[in-house]
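# Topology and contacts: notes
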Amino acid sequence: MTTPARQFHLDLGPQSHIELLHANTYSNVGVCISRCPPGEKWKDSVLTKSKAIEEAGSLAHEINCFVGQQPFKPFKRRSIENVVFLNSAYVDLDTYNTPYAGITFNDLYAAIQQMYSKLPAPTLGGSSGRGVQLIWTFEVGKPLNGGSWLGDWHRVQHAL
């Protein structure tokens, strides 16, 4: 019996996170950055990839700041109609209200590997503040020409 490979994380910073997550995102499509400054409402900004990478550095220490998983039509709102293509599958596990609350990312990921030994190692993984996120990026983005890949992507997401 072989032991599954264990992929440890490197904290490369917010710019590298976006570069890796959107490695196959063309420069002329949008990357969504959502943020919620203290006492304000959520604000989504769909920016070009280069602008999103640039802005990520200034938002690195904001607690409520997230980057969209899929690329969007530039300067359009964040919605499925505006997704240009699919570049990843992901899981966001909110464990803060479960028996897994307070467990480190490495220990939680080890438990996931033990429970789901055939699950491939994610490209990215880390703490989300309320749990963990695991992201599997695609080598080549899947265009949403009329939604042709959307059904397949939903099945993968459901399985994850």
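Our structure is the block above this text.
Keep in mind the model is a prediction, meaning the values are calculated, not measured.

## A short note on the sheet that holds strand β2 (residues 43–48)
Spatially, three strands are ordered β2-β1-β3 in an open sheet, and the strand pairing comes out antiparallel. Strand pairing shows two members of the sheet lacking a second neighbour, β2 and β3 (65–67), which therefore form its edges. Pairs of neighbouring strands in the sheet enclose a mean axial angle of 20°, with direction left out of account. Sheet topology places strand β1 (residues 30–35) next to β2; six bridges connect them, and they run antiparallel. Paired with V31 across the strands is L47, a residue of β2. Against the sheet, helix α2 (residues 49–58) makes contact with β1 and β2, and its axis sits at roughly 125° relative to β2, the strand it touches most.

## Here we look at the layout of surface pockets
Reported here for the second largest pocket is a volume of approximately 250 Å³. Along its surface, the second largest pocket is lined by 13 residues, and V91, L93, I112, Y116 and L160 are the ones closest to its centre. Every element with two or more residues in the lining of the second largest pocket is listed here: β4 (85–94), α3 (105–115) and β6 (131–143). Residue contributions to the lining of the second largest pocket peak at three residues, all from α3.

## A short note on the pairing of β1
Burial analysis of β1 places five of its six residues in the buried class, which makes it a mostly covered element. Pairing analysis gives three bridges linking β1 to β3, with the strands arranged antiparallel. Looking at the pairing, R35 lines up with C65 of β3.

## A closer look at the pattern of salt bridges
Within this structure, the stated rule accounts for two salt bridges. With a closest N to O distance of 3.2 Å, E54 and K51 form a salt bridge. One end of the pair is E54 and the other is K51, both in helix α2 and three residues apart, which spans about a single turn. On the accessibility criterion, K51 (37% relative accessible area) is partly exposed. A salt bridge links D152 to R155; the nearest nitrogen and oxygen atoms lie 2.5 Å apart. One end of the pair, D152, and the other, R155, are both in helix α4 (residues 150–159), three residues apart, so they sit about a helical turn from each other.

Calculation rules
Residues numbered from 1 in each chain as written. Predicted model: local features only at pLDDT ≥ 70, side-chain atom pairs only at ≥ 80, totals over all residues. Heavy atoms only, no water. Pairing = 2+ DSSP bridges. Helix = DSSP H or I, 4+ residues; strand = E, 2+ residues; numbered from the N terminus. Axes fitted to C-alpha atoms, helices over the stretch in contact; angles between N-to-C directions. Contact = heavy atoms within 4.5 Å. 1 Å grid on protein atoms, 1.4 Å probe; cavity = no way out; pocket = protein on both sides within 12 Å on 5 of 7 lines; lining within 4 Å. Points joined across faces, edges and corners; volume = space filled by probe spheres on them. Buried < 20%, exposed > 50% of the residue type's maximum accessible area, 1.4 Å probe, protein only. Salt bridge = Lys/Arg side-chain N within 4 Å of Asp/Glu carboxyl O.

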